[in-house]
Structure formats: structure tokens, C-alpha cells
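Structure assessment
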Amino acid sequence: MAVLGALARYSDEPESFLPFVYGVAAHKLADHYRRAGRDRSDPAADVPDGVDVGASPEQMMMAADLRERLTELLGTLAPQQREILVLRLIVGLSAQETATAVGLTPTAVRVTQHRALAKLRSALTPAEWV
């Protein structure tokens with residue numbers, strides 16, 4: 001529905017339609033998580049059906065530590081840098097698609113991604129470089 005509502009702002013270029021849709025979806029996803037972060041009416045997370053018997057307690061603690069560290073590192077980035085890294089590295093969009101989604105040029109996306117990765121690199125300790 002959001003894509004249909006935003007079609008008035010779409011310029012008729014066939015190669016830019018998919019990035020346009022991804023951009024709308026990325027903003028809707030960000031809105032969802034912002035809203036969920038403010039909504040305290042359901043404080044309990046979904047309970048898994050069972051326990052992951054394949055992971056040892058040590059592996060589970062290491063995974064939790066890694067998640068915590070990654071969250072901490074991503075928290076040091078500006079919101080736009082974080083969004084660009086997510087779209088490029090996790091979602092897998094190209095620089096052109098990401099540029100359309102966030103309203104920048106492909107060059108600006110690549111520069112922002114480079115700066116964000118450099119900032120993350122500088123925040124790593126020598127032990128984390130392994």
C-alpha cells in the first residue's frame with residue numbers, strides 16, 4: 001500500500017523501480033522497529049518452541065557477547081551510516097539501489113559506507129581483528 005501511495009513521487013525510469021520499492025520497504029521497516037521500540041504494551045518476547053540443543057552454553061554466551069558488541073558498534077554510527085550499511089551489507093542492495101532508497105547519489109552512498117566501515121574499524125580492539 002505504501003508503494004502505491006508513493007507512486008506519485010516516482011520518476012518513470014525502469015531501472016530505478018526496484019530500488020524505489022526497496023526504499024519504501026526499508027523506511028516501512030525502520031518505522032516498524034521505531035514503533036515497536038516505543039510500544040511497551042507487550043514486554044515479553046516470543047518464546048521459542050524449544051531449546052537449541054546443538055549449541056553449548058559457551059557457544060550461546062559467545063554469540064550473546066558478539067550480538068551485544070555488534071549492537072554497541074552499530075550504535076556509534078550516525079543513523080544514515082547505519083541505514084546504508086544495513087542496506088548494502090545485509091539486504092544486499094547495490095550502490096545505485098541504496099542511493100535511490102536513501103535519496104543520495106551512488107557516490108555519496110559509497111563514501112558514507114567507506115566512512116562508516118572505517119569508523120567501525122577504528123573502534124575495534126586488536127583482539128577483535130582476528
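Residues numbered from 1 in each chain as written. Predicted model: local features only at pLDDT ≥ 70, side-chain atom pairs only at ≥ 80, totals over all residues. Heavy atoms only, no water.

**Description of a nonpolar patch on the surface**
Our working definition: Patch membership is restricted to residues that have no salt bridge and whose relative accessible area is over 30%. Joining uses 9 Å for like charges and 5 Å for the nonpolar side chains Val, Leu, Ile, Met, Phe, Trp and Tyr. Working definition of accessibility: Shrake-Rupley area with a 1.4 Å probe, residue cover restricted to the visible protein chains. Salt bridges are counted wherever a side-chain nitrogen of Lys or Arg sits within 4 Å of a carboxyl oxygen of Asp or Glu. Secondary structure elements follow DSSP: runs of H or I no shorter than four residues count as helices, runs of E no shorter than two count as strands, and numbering proceeds from the N terminus. When a residue's accessible area, from a 1.4 Å probe over protein chains only, is under 20% of the maximum for its type it is buried; when over 50% it is exposed; and in between it is partly exposed.
On the surface, Leu 18, Tyr 22, Val 86, Leu 89, Ile 90 and Val 91 cluster together into a nonpolar patch covering about 540 Å² of accessible area. Contributing elements (two or more residues each) for the nonpolar patch: α2 (17-38) and α4 (79-91). Top element by residues in the nonpolar patch is α4. It accounts for four residues. Structurally, the position occupied by Leu 89 is in helix α4. Here Leu 89 falls in the exposed class, since its relative accessible area comes to 53%.

**Describing the layout of surface pockets**
Basically, it comes down to this: Cavities and pockets are defined on a 1 Å grid built over the protein atoms alone: a cavity is a set of grid points where a 1.4 Å probe fits but cannot escape, while a pocket is an open set with protein on both sides within 12 Å along at least five of seven lines, and lining residues are those with an atom within 4 Å of any such point. Grid points are joined across faces, edges and corners, and a volume is the space filled by probe spheres set on the points.
What the largest pocket holds in volume is close to 540 Å³. Every residue lining the largest pocket is counted, 15 residues in all, and those nearest its centre are Ala 26, Leu 29, Ala 30, Glu 83 and Val 86. Residue assignment for the lining of the largest pocket shows that the elements contributing at least two residues are α2 and α4. Among the elements that take part in the lining of the largest pocket, α2 stands out by supplying eight residues, more than any other.

**Brief notes about the nonpolar core**
Rule in force here: In these notes, a set of buried Ala, Val, Leu, Ile, Met, Phe, Trp, Tyr and Cys residues joined through side-chain atoms within 4.5 Å is what counts as a nonpolar core.
Of all hydrophobic cores here, the largest spans eight residues; its members are Ala 26, Ile 84, Leu 87, Leu 93, Ala 99, Ala 101, Val 102 and Val 109. Counting residues per element, the ones that place at least two in this core are α4 and α5 (95-102). Leu 77, Leu 85, Ala 116 and Leu 120 belong to the second-largest nonpolar core, a separate cluster that totals five residues.

**Re the packing of aromatic side chains**
Defined as follows: Aromatic rings from Phe, Tyr and Trp, with only the six-membered ring used for Trp, were paired whenever their centres fell within 6.5 Å, and each pair was classed as stacked if the ring planes differed by under 30 degrees, edge-to-face if by over 60, and tilted otherwise.
Evaluation of the coordinates by the stated rule reveals one aromatic pair. Summarising the aromatic geometry, the rings of Phe 17 and Phe 20 are spaced 6.2 Å apart at their centres and angled 35° between planes, so their arrangement reads as tilted. Taken together, the residues span about one helical turn, with Phe 17 and Phe 20 both in helix α2 at a distance of three residues. In this structure Phe 17 comes out as partly exposed when scored by relative accessible area, which is 36%. When its relative accessible area of 12% is taken as the criterion, Phe 20 is described as buried.

**Structural notes on the side chain of Thr 112**
Note the following rule: Contact criterion: two residues are considered in contact whenever any of their non-hydrogen atoms come within 4.5 Å of each other.
On the secondary structure map, Thr 112 appears in helix α6 (residues 106-123). When neighbours within four sequence positions are excluded, Thr 112 is seen to be in contact with Gln 81 and Ile 84.

**So, the environment of Val 21**
The topology assignment puts Val 21 in helix α2. With 80 residues separating them in the primary sequence, Val 21 and Ala 101 have C-alpha atoms 7.9 Å apart.

**Considering the packing of α5 against α6**
For clarity, the threshold we go by: All axes here are fitted lines through C-alpha atoms, helices being fitted over the stretch that makes contact, and every angle between N-to-C directions spans 0 to 180 degrees. Here roughly perpendicular refers to angles of 65 to 115 degrees, roughly parallel to angles under 35, roughly antiparallel to angles over 145, and oblique to all remaining angles.
Orientation of α5 relative to α6, taken along the N-to-C sense of each, is 95°, at an axis distance of 8 Å. Compared by their axis directions, α5 and α6 come out roughly perpendicular. For the pair α5 and α6, contact is made by Ala 95, Gln 96, Thr 98, Ala 99 and Val 102 and by Pro 106, Val 109 and Arg 110, respectively.

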